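# Inside the fold
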Amino acid sequence: MSEKFDTIVIGAGQAGLSAGYHLARRGKPFVILDGADRIGGSWLNRWDSLKLFTPSIRDSLPGLAIGGDYRFPTKDELLDYLERYVAAFELPVRLGVKVDGLFREGAGFRVTAGTQAFDAAHVILATGAHREPRTPDFADELSDEIVQLHSADYRKPGQLAPGPVLLVGAGNTGAEIAMDLAATHRVLLAGRMVGEIPFDTRSWQGRMLFPVMWWVWEHILTERTKPGRKVQARLLQGQGDPWIRQKEEDIQQAGVERTSRIVAIVDGRPQNEDGEVLTVANVIWCTGFEDGFAWIDLPGLDSSGRLASERGAVEGQPGLHVLGQHFEYMFNSHTVGGVGKDAAYVVSQLDHEPAAVAVAAAGPLAVG
């Protein structure tokens, strides 16, 4: 037996909750499924001292402000806010439901989670851009004497052994964790310079200029514009976002040492592209994430990576939508404050799906 809904949302992070807000206003039965035991999505798997890269003026989901003046909320503040959000709008979230399959069932879809099954006309994939940690193939060759973690598993300096720490990957995550560790460890940051935004978001400059930059992200850097498509292509090729908060000067003043990309493991130790073999006690892989859609089994769908979509509608799969992918429609589509715009558009399109997708469900629909 399966439960039947008009729409199933998979993921209870910022993307799934934003979709839930708009679905609730639509008035048709839906449910939000998540395998974790707490609301929060990928934010549950971030280091303790993390603060959002974007200021509070752009950290709210639709319908409920996070509150506070211009500041950078902590991870815990955001998690508390997401829980308040669910309560405020009475969103039908079911935790501890780890989805392991998505299939076609008649005119709609079947979602499975162990022995549980759910049927729906529409499915919104809201698992986000940080699902499956990615490490290079040679990571397994590191000596067992070296503590190695992915950034998804790093929480605080106390997890690490005494001695130097190598951060592999010099994007925003690598820079932020480098600053978190600089007071307790010698830190080496490996990777090319990705650049930084041309003002300090933490200062009066940020108060003045961040709203302008946000407008550019939301209206100029989109799939509809030539500049947007150019930036999207660069980011999706793995070139990385520029540093949003940290500056090269910050890194230098904290004593963090720069080194070139890590390209191999030699005798159990990491080697950079300059040929230098590094003696370190710890390695943290800040090498990003895979989209993690391998559990989807739909005819004609390539689920090996990013899902091709048009404003969230997955190509060739009527009724299936995706939210929260990196630069899904605009530069800030994956951010807390940006995903709500994409969610509103996706939900507005559900009633315009092809007639074949209007579920001919046998039996009554469950009420969320």
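Just so it is clear, the model here is predicted, and its values are computed rather than measured.

The alternating pattern of strand β10 (residues 187-190) places Val187 and Leu189 and Leu188 and Ala190 on opposite faces, both of which are buried. When strand β9 (residues 165-168) meets β10, the two strands line up parallel, connected through four bridges. What sits directly across from Val168, in β10, is Ala190. Following the backbone out of β9, through helix α3 (residues 172-181) and into the adjacent parallel β10, one traces a crossover that is right-handed. One ladder, built from three bridges, connects β10 with strand β11 (residues 257-259); its direction is parallel. Pairing of Leu188 across the sheet is with Glu257, part of β11.

Turning to the confidence of the model for the protein chain, a few remarks are in order. Per-residue pLDDT for the protein chain averages 91, and the proportion of residues at 70 or more is 95%. The low-confidence segment residues 355-368, where pLDDT is below 50, has 26 contacts with residues more than four positions distant or belonging to other chains.

Let us now look at the side chain of Glu218. With respect to the helices, strands and loops of the structure, Glu218 is situated in helix α4 (residues 204-219). Among buried charged residues, Glu218 stands out as having no salt bridge; its nearest opposite-charge side chain is Lys341, 4.5 Å away. Beyond its immediate chain neighbours, meaning those up to four positions away, Glu218 contacts Met330, Asn332 and Lys341.

In this section: the packing of aromatic side chains. Centre distance and the angle of the planes are the two values used to describe a pair of aromatic rings. Applying the stated criterion to the full structure yields eleven aromatic pairs. Ring geometry for Tyr21 and Tyr85: centres 6.4 Å apart, planes at 45°, overall tilted. Residue Tyr21 is found in helix α1 (residues 14-26), and its partner Tyr85 is found in helix α2 (residues 75-89); the two are separated by 64 residues along the sequence. Here the two residues Tyr21 and Tyr85 agree in accessibility, since each one is buried. Here the aromatic cluster, defined as three or more aromatic residues joined through ring pairs, consists of Phe210, Trp214, Trp217, Phe327 and Phe331. We note Arg311 situated over the ring of Tyr345; from NZ or CZ to the ring centre the distance is 3.9 Å.

As a further point, take the pattern of salt bridges. Opposite charge on two side chains allows them to pair when their charged atoms are near. Summed over the entire model, instances satisfying the criterion amount to 19 salt bridges. Measuring nitrogen to oxygen at the nearest pair gives 2.9 Å for the salt bridge that ties Arg202 to Asp250. Of this pair, Arg202 sits in the loop between β10 and α4 while Asp250 sits in helix α6 (residues 248-253); the two residues are 48 residues apart in sequence, bridging distant segments of the chain.

This part is about helix α5 (residues 226-239). Taking 1.5 Å of rise per residue, 14 residues should cover 20 Å, and α5 covers 18 Å from first to last C-alpha, within 8% of that figure. Residues Gly228, Val231, Gln232 and Leu235 constitute the buried set of α5. The arc that holds the buried residues of α5, viewed along the axis, is 105°, so those residues lie on one side. The exposed residues of α5 that point more than 90 degrees off its buried face are Lys226, Lys230, Gln237 and Gly238. For α5, the side-chain oxygen to backbone nitrogen distance between the N-cap and Gly228 is 2.9 Å, and the N-cap itself is Thr225. With its phi angle positive at about 85°, Gly240 sits one or two positions after the end of α5.

There is a patch of nonpolar side chains on the surface, built from Trp204, Met208, Leu209 and Val212 and spanning about 450 Å² of accessible area. Mapped onto the elements, Leu209 comes out in helix α4. Among the residues examined, Leu209 registers a relative accessible area of 37% and is labelled partly exposed.

What follows deals with the side chain of Arg26. Within the element layout of this structure, Arg26 appears in helix α1. Of the residues examined, Arg26 reaches a relative accessible area of 18% and is grouped as buried.

Calculation criteria
- Residues numbered from 1 in each chain as written.
- Predicted model: local features only at pLDDT ≥ 70, side-chain atom pairs only at ≥ 80, totals over all residues.
- Heavy atoms only, no water.
- Buried < 20%, exposed > 50% of the residue type's maximum accessible area, 1.4 Å probe, protein only.
- Helix = DSSP H or I, 4+ residues; strand = E, 2+ residues; numbered from the N terminus.
- Pairing = 2+ DSSP bridges.
- Right-handed = clockwise from strand over helix to strand, strands pointing away.
- pLDDT = per-residue confidence, 0-100.
- Contact = heavy atoms within 4.5 Å.
- Lys, Arg positive; Asp, Glu negative; His and termini not counted.
- Salt bridge = Lys/Arg side-chain N within 4 Å of Asp/Glu carboxyl O.
- Phe/Tyr/Trp six-rings, centres within 6.5 Å; stacked < 30°, edge-to-face > 60°.
- Lys NZ or Arg CZ within 6 Å of the ring centre and 35° of its normal.
- Expected span 1.5 Å × (residues − 1).
- Arc of directions from axis to C-beta.
- Polar contact = N/O pair within 3.5 Å; in protein donor to acceptor, adjacent residues only side chain to side chain.
- Patch = residues over 30% accessible without salt bridge, like charges linked within 9 Å, V, L, I, M, F, W, Y side chains within 5 Å.
- Areas by Shrake-Rupley, 256 points an atom, 1.4 Å probe, with all protein chains shown as cover.

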